[in-house]
Amino acid sequence: MSSLSRDDVAKLAGLARIEMTEAELVELSSQFGMILDAVARVQEMDLSGVKATSHPQPLENIARPDVVQPSLSPEDALSGAPAQEESRFRVPQILGEAE
Amino acid sequence: MINKTAAEMADSLAKGETSSVELTQAHLDRVAAVDGQVKAFLHVDSEGALAQAKEVDARRAKGEKLSPIAGIPLALKDVLAQKGVPTTAGSKILQGWLPPYDSTVVSKLKSAGVVIMGKTNMDEFAMGSSTENSGYGPTFNPWDLTRTPGGSSGGSAAAVASFESPLAIGSDTGGSIRQPAALTGIVGVRPTYGAVSRFGLIAYSSSLDQAGPFGRTVLDTALLHEVMAGHDPKDATSINAPVPAVVAAAKSGDVKGMKIGVIKQLQGEGYQKGVQTRFDESLQVLADLGAEIVEVDCPSFEYALAAYYLIAPSECSSNLARFDAMRYGLRTGDVDGASAEAVMSATRNAGFGREVKRRIILGTYALSSGYYDAYYGSAQKIRTLIIQDYAKAFAQAEVLVSPTAPTTAYKIGEKVDDPMAMYLGDVATIPVNLAGICGMSLPAGLADEDNLPVGFQIMAPAMQDQRLYQAGAALEAALLSKWGAPILTKAPELKGAK
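Residues numbered from 1 in each chain as written. Chains lettered and ligands numbered in written order. Predicted model: local features only at pLDDT ≥ 70, side-chain atom pairs only at ≥ 80, totals over all residues.

J.: An account of the overall build of chain A is needed here, citing residue identities and associated values.
T.: Helix and strand counts for chain A come out as 3 helices and 2 strands. For chain A, the sequential pattern of α-helices and β-strands runs α-α-α-β-β. Projected onto its principal axes, the C-alpha coordinates of chain A cover approximately 55 × 45 × 25 Å. Within chain A, the fraction of its 99 residues that count as buried is 17%. (Helix = DSSP H or I, 4+ residues; strand = E, 2+ residues; numbered from the N terminus. Buried ≥ 20, exposed ≤ 12 C-beta atoms within 10 Å, placed from the backbone.)

J.: Please provide a residue-by-residue account of the overall build of chain B, values included.
T.: Assigned secondary structure in chain B consists of 16 helices and 11 strands. Against the globule reference of 23 Å for 498 residues, chain B gives a C-alpha radius of gyration of 21 Å, in line with a compact fold. The principal-axis extents of the C-alpha atoms in chain B amount to approximately 70 × 55 × 45 Å. Among the 498 residues that make up chain B, the fraction classed as buried is 62%. Contacts spanning at least 24 positions in sequence make up 76% of the contacts within chain B whose residues lie at least 6 apart. (Rg over C-alpha atoms; globule rule 2.2 N^0.38 Å. Contact = placed C-beta atoms within 7 Å.)

J.: Which residues make up the interface of chain B and chain A, and what are the values?
T.: Listed as interface residues are 58 residues of chain B and, on the opposing side, 44 residues of chain A. Contributing elements (two or more residues each) for the side of chain B that touches chain A: α10 (304-319), α11 (340-351), α12 (354-367), α13 (373-396) and α14 (419-424) of chain B. Considering each element in turn, the side of chain B that touches chain A owes the most residues, 12 residues, to α13(B). Residues that form the side of chain B that touches chain A fall into these classes: 34 nonpolar, 15 polar and 9 charged. (Nonpolar A, V, L, I, M, F, W, Y, C, P; charged D, E, K, R; others polar.)

J.: How would you explain the environment of N3(B) if you had to name every residue and give the values?
T.: Here N3(B) lies in the segment before α1 (6-14). Between the C-alpha atom of N3(B) and that of P492(B), which follows or precedes it by 489 residues, the distance is 14 Å.

J.: I'd like a description of the nonpolar core, backed by residues and values.
T.: Residues and elements named next belong to chain B. I69, L74, A307 and L310 are the most contacted members of the largest nonpolar core, which totals 175 residues. No other element matches the 10 residues that α10 contributes to this core. When near neighbours in sequence (up to four residues on either side) are disregarded, L74 contacts L109, V114, V115, I116, M117, S165, L167, A168 and I169. (Core = buried A, V, L, I, M, F, W, Y, C linked by C-beta atoms within 7 Å.)

J.: Tell me what's going on with the confidence of the model for chain A, and back it up with residues and numbers.
T.: Any residue range with low pLDDT should be treated as having predicted coordinates unsuitable for detailed reading. Averaged over all residues, the pLDDT of chain A equals 90, while 95% of them reach at least 70. The secondary-structure element of chain A with the lowest mean pLDDT is helix α2 (residues 22-39) of chain A, recorded at 92, while helix α1 (residues 6-15) of chain A shows the highest, at 96. (pLDDT = per-residue confidence, 0-100.)

J.: Just give me the short version of the environment of S165(B), but keep the residues and values in it.
T.: Residues and elements named next belong to chain B. Following the sequence through the fold, S165 ends up in the loop between α5 (154-161) and β4 (167-171). Through-space distance from the C-alpha of S165 to that of S238 is 28 Å; in sequence the pair is 73 residues apart. If sequence neighbours within four positions are ignored, S165 has contacts with H27, P73, L74, A75, M117, A159 and V160.

J.: I'd like a rundown of the sheet that holds strand β11 (residues 453-460) of chain B, residues and numbers included.
T.: Residue and element names in this part refer to chain B. Strand order in the open sheet formed by 11 strands is β1-β3-β2-β4-β6-β5-β10-β11-β9-β7-β8, and the pairing between neighbours is mixed. Single-partner strands in this sheet number two, and they are β1 (41-44) and β8 (292-296). The sheet shows a mean angle of 30 degrees between the axes of neighbouring strands, direction not considered. Pairing between strand β2 (residues 73-77) and β4: 3 bridges, direction parallel. Directly across from L76, in β4, lies its bridge partner I169. Packing against the sheet, helix α9 (residues 273-288) makes contact with β7 (259-263), β8, β9 (399-403), β10 (438-446) and β11, and its axis sits at approximately 50 degrees to β11. (Pairing = 2+ DSSP bridges. Axes fitted to C-alpha atoms, helices over the stretch in contact; angles between N-to-C directions.)

J.: Outline helix α7 (residues 218-228) of chain B, supporting the account with residue identities and numerical values.
T.: Of all 11 residues making up α7(B), 11 are buried, and the element is well covered by its neighbours. Those residues of α7(B) lying buried are V218(B), L219(B), D220(B), T221(B), A222(B), L223(B), L224(B), H225(B), E226(B), V227(B) and M228(B).

J.: Report on the pairing of strand β5 (residues 187-190) of chain B, specifying residues and quantitative values.
T.: Residue and element names in this part refer to chain B. The two faces of β5 match: V187 and V189 on one face and G188 and R190 on the other face are all buried. With 2 bridges connecting them, β5 and strand β6 (residues 211-215) associate as antiparallel partners. Across the sheet, residue G188 finds its bridge partner in β6, namely F214. Bridge count for β5 against β10 is 3 bridges, and the pairing is antiparallel. Following the sheet pairing, V189 is matched in β10 by M440.

J.: With reference to specific residues and values, describe unusual backbone geometry.
T.: Residue and element names in this part refer to chain B. Omega for the bond connecting G151 with S152 falls within 30 degrees of zero, at 10 degrees, which places this linkage in the cis form. By secondary structure assignment, the location of S152 is in the loop between β3 (115-120) and α5. A positive phi angle, close to 60 degrees, is found at F163, a residue other than glycine. As for its placement among the helices and strands, F163 is situated in the loop between α5 and β4. Exposure remark for F163: the 22 C-beta atoms within 10 Å place this residue in the buried category. Located in the positive-phi region is N451, a residue other than glycine, with phi close to 55 degrees. Assignment of secondary structure puts N451 in the loop between β10 and β11.

J.: Which residues make up α2(A), and what values do they have?
T.: Its 18 residues place the ends of α2(A) 25 Å apart at the C-alpha level, agreeing with the 26 Å of an ideal helix rising 1.5 Å per residue. Among all positions in α2(A), only L28(A), F32(A), I35(A) and V39(A) are buried. On its buried face, α2(A) sits against α1 of chain A together with α10, α12, α13 and α14 of chain B. (Expected span 1.5 Å × (residues − 1).)

Structure, rendered in structure tokens:
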């Protein structure tokens with residue numbers, strides 16, 4: 001039976017930038033063993049020599065002529081912004097931690 | 001008026017027997033009367049819908065050539081962006097967001113004169129099979145209001161099944177159109193991957209997501225399919241080829257001499273008795289119509305569910321990174337001195353629901369170094385084997401069939417604390433998504449034990465979507481003459497309805 005400790009889940013939540021409550025970490029850790037056992041079935045088959053498929057279509061790069069086309073106005077682009085200032089997105093401090 | 005098919009409504013509009021404004025108002029009245037119980041809609045845009053209807057009526061009066069479904073009302077899954085209309089994907093993180101642009105599907109609907117009545121409820125970011133994962137509460141199955149309509153496009157399916165709308169649009173990443181269609185007794189199609197533009201479709205799992213049509217008949221579904229599909233330069237994965245002739249196929253509906261493959265792995269154990277019985281009966285109906293039934297073997301399908309629940313969460317953990325509290329959507333914890341990272345983490349915790357967090361964490365785990373090859377890498381190889389199994393099966397048969405879902409609609413709350421039990425409901429629909437092919441669910445009758453609808457699934461190779469409609473229309477016509485009336489006439493009358 002697979003398992004993932006509360007601390008393992010906390011680490012993953014940190015990587016995913018989700019600040020989980022203690023109750024959520026404990027709940028997820030208790031559910032994870034069962035989920036991992038189920039998905040680990042992909043390892044049951046002999047997959048040697050099988051190529052991986054990342055996408056259902058044979059993808060190739062698609063280019064288009066570099067022509068100026070209508071795009072969102074600054075007002076439209078900012079219309080959903082949680083905060084804005086001087087026609088720009090206002091965001092919390094990114095460089096250098098506050099503490 | 002609302003009990004007619006979309007094709008009949010279109011005919012009445014063309015003959016001038018009714019107007020789009022009247023038709024739209026009749027459906028808005030129905031929504032007002034019954035949606036308090038069904039809760040299919042997250043947002044009803046009465047004003048916008050009536051304005052669209054008025055415009056179509058004016059164009060018709062001027063003698064303009066209109067699309068076959070111009071003036072027909074439609075319910076839109078809240079996963080598709082519509083300019084100026086609230087779009088949430090069922091998530092609190094997008095509450096109040098007004099998209100500054102139209103998705104390509106919405107642009108196509110607008111230019112075809114289809115009347116968009118509003119946005120329908122869904123599992124948050126399309127992650128779920130019951131609509132219970134919506135950040136705004138569940139949708140209820142019109143057949144039994146204590147049960148789920150399926151999901152994730154449960155709101156769209158319930159709207160069509162409760163006659164709130166003749167047509168609806170959903171999206172299908174692992175069965176999210178076909179499974180709710182099955183559980184509510186309507187028709188739903190997941191088109192071939194790349195057949196319908198994903199531009200403006202809020203992404204869950206980009207290599208699996210595909211929007212598609214719902215209707216109460218195979219022909220209605222085909223009429224919508226033809227309008228919403230087609231190449232789009234704004235989507236790099238959009239297929240540059242003509243839309244398959246789905247309407248013509250739905251009108252012909254002939255299976256004489258058609259080879260139909262029954263997938264050995266998608267029946268029997270794990271399938272509810274009444275589901276299996278209705279499925280077997282439908283097979284007999286197809287055989288009586290002159291189809292040749294063969295059994296096909298797809299051994300890797302036993303691993304499809306496991307592969308899906310690695311691939312989809314992995315892609316979602318990457319796709320949902322865009323909800324970072326910076327440019328749109330919710331932002332919390334933005335107090336003096338708080339770092340961007342702290343604001344991001346607080347916002348994502350407050351804005352995402354349990355299932356979304358569960359899948360993001362699972363995807364983060366499956367993609368992390370040291371586990372990547374064992375989980376995500378193996379899942380991708382299973383995907384190759386599933387594609388190969390389909391290729392072999394389609395060499396033996398033109399279409400493949402199975403029950404759409406292993407059970408009929410289950411009770412609200414029954415599986416909400418048991419994610420694995422919920423995931424098992426997708427066992428028959430997921431292989432189609434992994435292979436990028438197309439699939440349909442249509443009603444096969446009611447299960448004897450609970451009198452709830454059973455879905456019959458038809459699958460066809462990529463860009464052979466017309467075969468779904470060809471076989472589906474034949475089965476539908478034969479079952480209809482057997483039943484004497486459409487399946488939805490057997491659903492209980494909703495309270496508050498006139």
